[in-house]
Amino acid sequence: MSSTTPTPGPKLLDERSLSGILIHFLAIPTSVVGAGLLYLLATDEFTKRNARNALDWHLTVLLITAITFGSLFTYAELTGQGIADVSVLPSSVSTVASVGISALFTLWFATTLWTFAVGLIAMVKAIFGTAWRYPFSLALVERFESHINLPGGWPLVILGYVVLSPLLIWAVFFASTNDIVSILSAFGLIGLILVLTPLTGVAMYLHSKEDWLQGDAQQPYVVVHVGVPILVAAIGYAASSRFTQSISPQGDAMYVFLAAFWISTIVYLIRWRMRPSK
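> Help me out: how do you make sense of the overall build of the protein in this one?
Scanning the protein for helices and strands turns up 9 helices and 0 strands. Ordering the α and β elements of the protein from the N terminus gives α-α-α-α-α-α-α-α-α. Accessible surface, the protein as shown: approximately 16300 Å² in total, 71% of it carbon and sulfur.

As structure tokens, this is what we get:
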């Protein structure tokens with residue numbers, strides 16, 4: 001996909017957007033999450049093009065990361081260096097596999113460094129009005145977006161959060177102490193905090209905007225559904241710091257936020273289902 005030709009003169013100032021410029025910089029630390037959420041929220045075409053380019057690149061990096069560390073985990077398990085502690089690979093195959101793992105890590109490391117460079121280049125290009133496509137990125141969003149159809153739409157995402165959130169929290173605190181279960185639970189909690197929770201907030205915003213709040217005098221503003229849990233978390237942090245001997249008030253505040261946001265999503269779904277019929 002070729003880059004968009006810059007538009008000269010005053011018209012350029014109307015066509016570019018601050019979010020379209022900053023997304024490349026913000027996506028460096030936030031990766032797929034930041035680029036993906038802005039892509040979903042963007043209504044301005046310039047912002048959407050830049051967010052799509054950033055998202056395509058970070059999805060490519062995520063794919064390389066998954067292949068690299070997935071291969072490393074598989075190699076460790078098959079050579080007796082993992083949890084199973086049983087080697088099933090012949091030494092000759094193990095040697096070849098180790099070379100392949102090294103090559104993958106070299107590619108992953110180079111790609112990670114390249115992310116900083118292309119992100120800053122894309123931001124500068126966007127300042128001058130160009131939606132620059134990152135070199136070597138796969139056109140994943142453009143290729144598959146039209147083929148993705150989520151049955152149930154955004155309410156299904158919100159309901160998924162309501163169901164999955166307590167299960168993941170339960171797994172962290174009460175599941176088996178088996179190493180693999182603990183590792184999966186930890187990754188699940190990270191995914192809940194960094195991916196599923198912000199996606200659910202975006203889902204509530206987009207669903208309310210597209211569906212049931214239009215023309216409704218009793219608008220349950222989405223900012224309340226997100227803002228109240230943040231306020232409750234701040235109170236929880238203050239209470240934990242002041243009245244308990246907790247070693248991690250920040251962690252306590254995070255769990256308080258997750259609990260409050262979980263209740264907020266349930267309230268949102270109830271209010272949506274009980275809305276007056278149009």
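After that view of the structure, there is still more to cover.
> What is the right way to read a nonpolar patch on the surface from this model?
A cluster of nonpolar side chains, namely Leu-18, Leu-22, Phe-25, Leu-26 and Leu-120, defines an oily patch on the protein surface of about 470 Å² accessible area. Top element by residues in the nonpolar patch is helix α2 (residues 18–41). It accounts for 4 residues.

> How should helix α6 (residues 154–174) be read in this particular structure?
Residues that lie three or four places apart on an α-helix share one face, since the helix turns once every 3.6 residues. With 21 residues, α6 ought to run about 30 Å at 1.5 Å a step, and its terminal C-alpha atoms sit 30 Å apart, in line with that. In α6, a bend of some 30° at Leu-164 exceeds every other bend along the element, and Pro-166, a proline, comes one to four places later.

> Explain the packing of helix α8 (residues 222–243) against helix α9 (residues 249–273) to me, please; I cannot follow it from the model alone.
Helix-helix packing is described using two parameters, namely the angle between the two axes and the distance between the axes. Packing of α8 against α9 leaves a shortest axis separation of 8 Å and a crossing angle of 150°. One finds that α8 runs roughly antiparallel with respect to α9. When you trace α8 past α9, the crossing you get is right-handed. The segment α8 lies against α9, with His-225, Val-226, Pro-229, Ile-230, Val-232, Ala-233, Tyr-237, Ser-240 and Ser-241 engaging Pro-249, Gln-250, Asp-252, Ala-253, Val-256, Phe-257, Ala-260, Phe-261, Ser-264, Val-267 and Tyr-268. Its residues assigned to classes, the contact of α8 with α9 shows 14 nonpolar, 5 polar and 1 charged.

> I'm lost on the packing of aromatic side chains in this one. Help?
The relation between two aromatic rings is expressed through the spacing of the ring centres and the mutual angle of the planes. Across all of its chains, the model carries 8 aromatic pairs by this definition. Aromatic pair Phe-69 and Trp-108: ring centres 5.2 Å apart, planes at 90°, arrangement edge-to-face. Of this pair, Phe-69 sits in helix α3 (residues 45–78) while Trp-108 sits in helix α4 (residues 91–127), placing them 39 residues apart in sequence. Here Phe-69 falls in the partly exposed class, since its relative accessible area comes to 37%. Residue classification places Trp-108 among the partly exposed residues on the basis of a relative accessible area of 23%. Consider the rings of Phe-105 and Trp-108, whose centres lie 6.1 Å apart with planes at 75°: the pair is edge-to-face. Of this pair, Phe-105 and Trp-108 are both found in helix α4, 3 residues apart, which corresponds to roughly one turn of the helix.

> Sorry, what's going on with α4 here?
With 37 residues, α4 extends 54 Å from end C-alpha to end C-alpha; this agrees with the ideal 54 Å at 1.5 Å per step. Its axis deflected by about 25° at Trp-114, α4 carries its strongest bend there. Those residues of α4 not exposed but buried are Ser-94, Ile-101, Thr-111, Thr-115, Val-118, Gly-119, Ala-122, Met-123 and Ala-126. On its buried side, α4 packs onto α2 and α3. Downstream of α4 by a residue or two, Gly-129 has a phi angle that is positive, lying close to 90°.

> Any chance you could explain the nonpolar core here in plain terms?
When a protein is soluble and globular, its nonpolar side chains tend to lie buried together. Ile-158, Tyr-161, Leu-192, Met-204, Leu-258 and Leu-269 are the most contacted members of the largest nonpolar core, which has 17 residues in total. When residues of this core are traced back to their parent elements, those giving at least two are α6, α7 (179–210), α8 and α9. When residues of this core are assigned to their parent elements, the largest contribution, 6 residues, is made by α9. Leaving out residues up to four positions away in the same chain, Leu-192 has contacts with Tyr-161, Ser-165, Leu-168, Ile-169, Thr-197, Pro-198 and Leu-258. Listed in part, the 14 residues of the second largest apolar core include Ala-54, Ala-122, Trp-132 and Val-141.

The rules behind the values
Residues numbered from 1 in each chain as written. Predicted model: local features only at pLDDT ≥ 70, side-chain atom pairs only at ≥ 80, totals over all residues. Heavy atoms only, no water. Helix = DSSP H or I, 4+ residues; strand = E, 2+ residues; numbered from the N terminus. Areas by Shrake-Rupley, 256 points an atom, 1.4 Å probe, with all protein chains shown as cover. Patch = residues over 30% accessible without salt bridge, like charges linked within 9 Å, V, L, I, M, F, W, Y side chains within 5 Å. Salt bridge = Lys/Arg side-chain N within 4 Å of Asp/Glu carboxyl O. Expected span 1.5 Å × (residues − 1). Bend = angle between axes of the 7 residues up to and from the residue. Axes fitted to C-alpha atoms, helices over the stretch in contact; angles between N-to-C directions. Parallel < 35°, antiparallel > 145°, perpendicular 65-115°, else oblique. Left-handed = near helix turned anticlockwise from the far one by under 90°. Contact = heavy atoms within 4.5 Å. Nonpolar A, V, L, I, M, F, W, Y, C, P; charged D, E, K, R; others polar. Phe/Tyr/Trp six-rings, centres within 6.5 Å; stacked < 30°, edge-to-face > 60°. Buried < 20%, exposed > 50% of the residue type's maximum accessible area, 1.4 Å probe, protein only. Core = buried A, V, L, I, M, F, W, Y, C linked by side-chain atoms within 4.5 Å.

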